[in-house]
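Coordinate inspection notes
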Amino acid sequence: MAETTIRLSVGQAVVRYLTRQYTERDGVEQRFIPGMFGIFGHGNVAGLGQALLQNEVDPAEGEDRLEYWHGRNEQGIVHAATAYARTKDRLQTLAATASIGPGSLNMVTGAALATTNRIPVLLFPSDIFANRAPNPVLQQLEDASDPDISCNDAFKPVSKFWDRVNRPEQLMVSLPGAMRVLTDPVETGAAVVCLPEDVQAEVYDWPASFFAKKVWHMDRQVPAPSALARAVEAVKASRNPLIVSGGGTIYSQASQELRDLATRTGIPVSDTQAGKGAINWDHPAAVGGLGATGSGAANALAAEADLIIGIGTRYSDFTTGSQTVFGNPDVRFVNINVAAFDAVKQGAETVLADAREALTALAGALEGYHVEESWTARVRAEADAWAKATDTCYHLGHGPLPAQTEVFGALNEMMGDEDVMINAAGSMPGDLQCLWRAKTPVQYHVEYAFSCMGYEIPAALGVKMARPESEVVAIVGDGTYQMLPMELATIVQEGKKVIFVLLQNYGYSSIGALSESHGSQRFGTKYRRDDDDKGHVRGDDESLRLPVDIAANARSWGLDVLEVHGIEEFREAYAKAHASSRPTMIHIETDLYGPNPPATGWWDVPVTSESRLESTQRAYAQYAEDVKKQRRFF
């Protein structure tokens, strides 16, 4: 008996297929892709665009709704989808579609961010005609040696799955392949399915079974008994163990298990940017962020630790202080991770397992174990000392302009435990990692794997869509704002209440400080008009400042804007924004030069050994000394 078929265009088939995909973990089943962001052009308006319209106004019997949201910038909509997926602990995500050429190419940066962060996002870049009748089509990139190449080939190195569907029936292989990768915690990242403009509109008789409900079971991998035994042996043989908790702990929803293990054993817990909040900051074993921008407590303990237990971390150079933070000559590593690629880093003993399953098993196997009292005392002394340093940074009373750490302190004290703070690039992530006091896994949302300027505003949209019950606060620098403000219009369009905290300091604080410390005199890091006498080495003369009015610009997008001067006014403005139901920006000027938190880590940024500039010569002499501390682990 022949199978029933359903006659649909490729675009219509994509929409119907996505509405039937579900994930399940721990008995909780949910739609995996509830909606799609998009910007239409000639490459997708009559294909996927028609299918999304039909799904909205005339859905077929048994076809679920795939929500559609109109974005303003293709990179921005990918960031929004990625932030949504991260907030949903990778159990749900969103899709995005763009037209051919520049529209699709704009999504490449977003794809790289998602893949670097190990976050699932599904992208449908439109592509050139498969039949090659209009050749070249508008916006086609031609290659004389390969007529099949298009701009979309640029997605290959930044995605975990890539395909181009040149015939309708290929979709029945491509979409399940993309779904497999998206729902695999080891392989997840950006999945890219390129859809030629003509193929999107092509009609095909699809097997009805292709659209049957599909549940992707995201089972938890348990640790192998032998691997667990080796980890337990390593812990019991150590005197000064330290946990490094990464994003994998949060995605596994293993926060309670981490806290329980730390409580029972006394093993101190440091965290990465993606892992902050997995353990509450005021837990007796919590010691804060680790690495180049880490807390003094975590870095001091890492220098002495003889065993590092990495949980769901990829050991970025900021986490390891460019391989200088682990100072004990006899230090060993045990890594718990679902991915062997990350688990083997640092020459570690590996436990390939889901973080929650591994922590539960490890706690059971370590029943009765506790670190020595001397190590516990050392942990408390370092944590208490850093708590005092944090309090100082939060309440500096700096003038005439406040330091950005004072703004962070006010926010940290006013935001609720289930609210979400968002940031991504510049000097802010460093200050936040070492100072922010997160009590829950949801409160701290800092993208620091790709550290992409422009992430914060679209991410705020994605997070608010994922957690409408939370107050979502995006901290945005003036540099980041000028990179990608367009999704403010989408936020207003969709009626999403988000608070933006705009720190205006007329330059790049992070790169300016890095430039100065590395002998390059803050060259090219300030927003100043050209000065014929000084070229690009510009001073702080206010007459040279660019007359860019970000507050007025934000108002033009439809936001309420509160311009404040000083921390007390900021606190009052935040209370007003919190009480409002409208998207609001709080605009405050801060000191470009800090003061910054006490630096306790190092980051490898090479300095040239040959220069006529005295500032560079001094910087190289310091770099030559610092790099000697670097180690390699095998």
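Up top is the structure.
Predicted model, so just to flag it, every value in this text is computed and none were measured.

With that out of the way, let us pick up the overall build of the protein chain. A tally of helices and strands in the protein chain yields 24 helices and 23 strands. By the compact-globule yardstick of 26 Å for 634 residues, the protein chain fits well, its C-alpha radius of gyration being 26 Å. Across its three principal axes, the protein chain shows a C-alpha extent of roughly 75 × 70 × 55 Å. In the protein chain, once contacts between residues fewer than 6 apart in sequence are set aside, the share between residues at least 24 apart is 76%. Element-wise, carbon and sulfur atoms account for 51% of the exposed surface of the protein chain, whose accessible area totals about 25,000 Å². The average position of the 56 basic charges and that of the 80 acidic charges among the side chains of the protein chain differ by 3 Å.

Moving on to the packing of aromatic side chains. Within this structure, the stated rule accounts for 14 aromatic pairs. A centroid spacing of 4.5 Å and a plane angle of 55° characterise the contact between Phe318 and Trp603, whose relative ring orientation is tilted. Linking Phe318 in helix α12 (residues 317-320) with Trp603 in the loop between β23 (584-589) and α24 (614-626), this pair joins segments that are 285 residues apart in sequence. A residue is classified by how much of its surface remains accessible, and Trp603, at 33% relative accessible area, is partly exposed. Aromatic pair Phe326 and Phe333: ring centres 5.2 Å apart, planes at 85°, arrangement edge-to-face. For the pair Phe326 and Phe333, a shared accessibility class is recorded, and that class is buried.

If you check which residues of helix α14 (residues 355-365) are buried, you get Ala355, Ala358, Leu359, Leu362 and Ala363. For α14, the arc enclosing every buried residue in end-on projection is 130°, short of the 170-degree limit, so these residues lie on one face. The inward-facing, buried residues of α14 contact α8 (225-237), α9 (247-251), α10 (255-265), β15 (307-311) and β16 (332-337). The N-capping residue of α14, defined by a side-chain oxygen 3.0 Å from the backbone nitrogen of Arg356, is Asp354.

Let us look at the packing of helix α11 (residues 296-304) against helix α15 (residues 373-394). Close contact between α11 and α15 brings their axes to 8 Å; oriented N to C, the two are set at 150°. With respect to α15, the element α11 is oriented roughly antiparallel. Within the contact between the two elements, α11 uses Gly296, Ala297, Ala300, Leu301 and Glu304 and α15 uses Trp375, Arg378, Val379, Glu382, Ala383 and Trp386. For the contact of α11 with α15, the per-class residue count stands at seven nonpolar, one polar and three charged.

For the rest of this paragraph, the subject is the layout of surface pockets. Taken as a whole, the second largest pocket holds about 650 Å³ of empty space. Lining the second largest pocket are 38 residues, with Arg90, Gly247, Gly248, Tyr251 and Gly312 sitting closest to its centre. Those elements that provide at least two residues to the lining of the second largest pocket are α9, α12 and β16. At three residues, the largest contribution of residues to the lining of the second largest pocket is made by α9. Within the lining of the second largest pocket, the residues separate by chemical class into 15 nonpolar, 14 polar and nine charged.

Before going further, it helps to examine the sheet that holds β16. Strand order in the open sheet made by the six strands is β14-β13-β12-β15-β16-β17, with parallel pairing throughout. This sheet does not close on itself; its edge strands, each paired only once, are β14 (286-289) and β17 (349-352). Recorded for the sheet is a direction-independent mean angle of 20° between the axes of neighbouring strands. As paired elements, strand β13 (residues 269-271) and β14 share three bridges and run parallel to each other. Bridging from a neighbouring strand, Asp271 pairs with Gly289 of β14. Together, β12 (241-245), β13 and β15 form the strand contacts of α10, whose direction differs from that of β12 by roughly 170°.

What follows concerns the sheet that holds strand β11 (residues 214-217). In space, the three strands of this open sheet follow the order β3-β2-β11, with mixed pairing throughout. In this open sheet, the two strands that pair with only one neighbour each are β3 (28-31) and β11. When the angles between neighbouring strand axes are averaged without regard to direction, this sheet yields 30°. Here strand β2 (residues 21-25) pairs with β3 via four bridges, running antiparallel. Opposite Tyr22, over in β3, you have Arg31 as the bridge partner.

Moving on, we come to unusual backbone geometry. A cis amide bond, omega 5°, links Asn135 with the succeeding residue Pro136. Mapped onto the elements of the fold, Pro136 is located in the loop between β7 (121-127) and β8 (161-164). Residue Gly594 is joined to Pro595 through a cis peptide bond whose omega torsion reads 0°. The residue Pro595 is located in the loop between β23 and α24 in this model. Of note in this structure, Arg90 is not a glycine but carries a positive phi near 70°. Inspection of the secondary structure puts Arg90 in the loop between α3 (74-87) and β6 (95-98). A residue is classified by how much of its surface remains accessible, and Arg90, at 12% relative accessible area, is buried. For Tyr315, which is not glycine, the phi torsion reads 55° and is therefore positive. Within the secondary structure, Tyr315 sits in the loop between β15 and α12.

What follows concerns the pairing of β2. Of all five residues making up β2, five are buried, and the element is well covered by its neighbours. Burial of the side chains of β2 extends over both faces: Gln21, Thr23 and Arg25 are buried on one face and Tyr22 and Glu24 on the other. Alignment of β2 against β11, held across four bridges, turns out to be parallel. Across the sheet, residue Glu24 finds its bridge partner in β11, namely His217. Hairpin remark: β2 followed by β3, antiparallel, with two residues in the connecting loop; positive phi at Asp26, about 55°.

One finds Ile308, Phe326, Leu411, Leu432, Trp436 and Phe570 to be the most contacted residues of the largest nonpolar core, which totals 87 residues. Within the second largest apolar cluster, 51 residues are counted, among which are Val78, Ala190, Tyr481 and Ile491.

It is worth spelling out the environment of Leu396 at this point. Note that Leu396 resides in the loop between α15 and α16 (404-414). Note: C-alpha distance between Leu396 and Glu614 (218 residues apart in sequence) is 33 Å.

Turning next to the pattern of salt bridges. Across all of its chains, the model carries 34 salt bridges by this definition. Its salt-bridge partner being Lys628, residue Glu625 comes within 3.0 Å of it at the nearest N-O pair. Lys628 sits in the exposed class, given a relative accessible area of 59%. Among the charged side chains, a salt-bridge network with shared partners connects Asp127, Arg132, Asp148, Asp153, Lys156 and Arg164.

What counts and how
- Residues numbered from 1 in each chain as written.
- Predicted model: local features only at pLDDT ≥ 70, side-chain atom pairs only at ≥ 80, totals over all residues.
- Heavy atoms only, no water.
- Helix = DSSP H or I, 4+ residues; strand = E, 2+ residues; numbered from the N terminus.
- Rg over C-alpha atoms; globule rule 2.2 N^0.38 Å.
- Contact = heavy atoms within 4.5 Å.
- Areas by Shrake-Rupley, 256 points an atom, 1.4 Å probe, with all protein chains shown as cover.
- Lys, Arg positive; Asp, Glu negative; His and termini not counted.
- Charge placed at Lys NZ, Arg CZ, Asp CG, Glu CD.
- Phe/Tyr/Trp six-rings, centres within 6.5 Å; stacked < 30°, edge-to-face > 60°.
- Buried < 20%, exposed > 50% of the residue type's maximum accessible area, 1.4 Å probe, protein only.
- Arc of directions from axis to C-beta.
- Polar contact = N/O pair within 3.5 Å; in protein donor to acceptor, adjacent residues only side chain to side chain.
- Axes fitted to C-alpha atoms, helices over the stretch in contact; angles between N-to-C directions.
- Parallel < 35°, antiparallel > 145°, perpendicular 65-115°, else oblique.
- Nonpolar A, V, L, I, M, F, W, Y, C, P; charged D, E, K, R; others polar.
- 1 Å grid on protein atoms, 1.4 Å probe; cavity = no way out; pocket = protein on both sides within 12 Å on 5 of 7 lines; lining within 4 Å.
- Points joined across faces, edges and corners; volume = space filled by probe spheres on them.
- Pairing = 2+ DSSP bridges.
- Core = buried A, V, L, I, M, F, W, Y, C linked by side-chain atoms within 4.5 Å.
- Salt bridge = Lys/Arg side-chain N within 4 Å of Asp/Glu carboxyl O.

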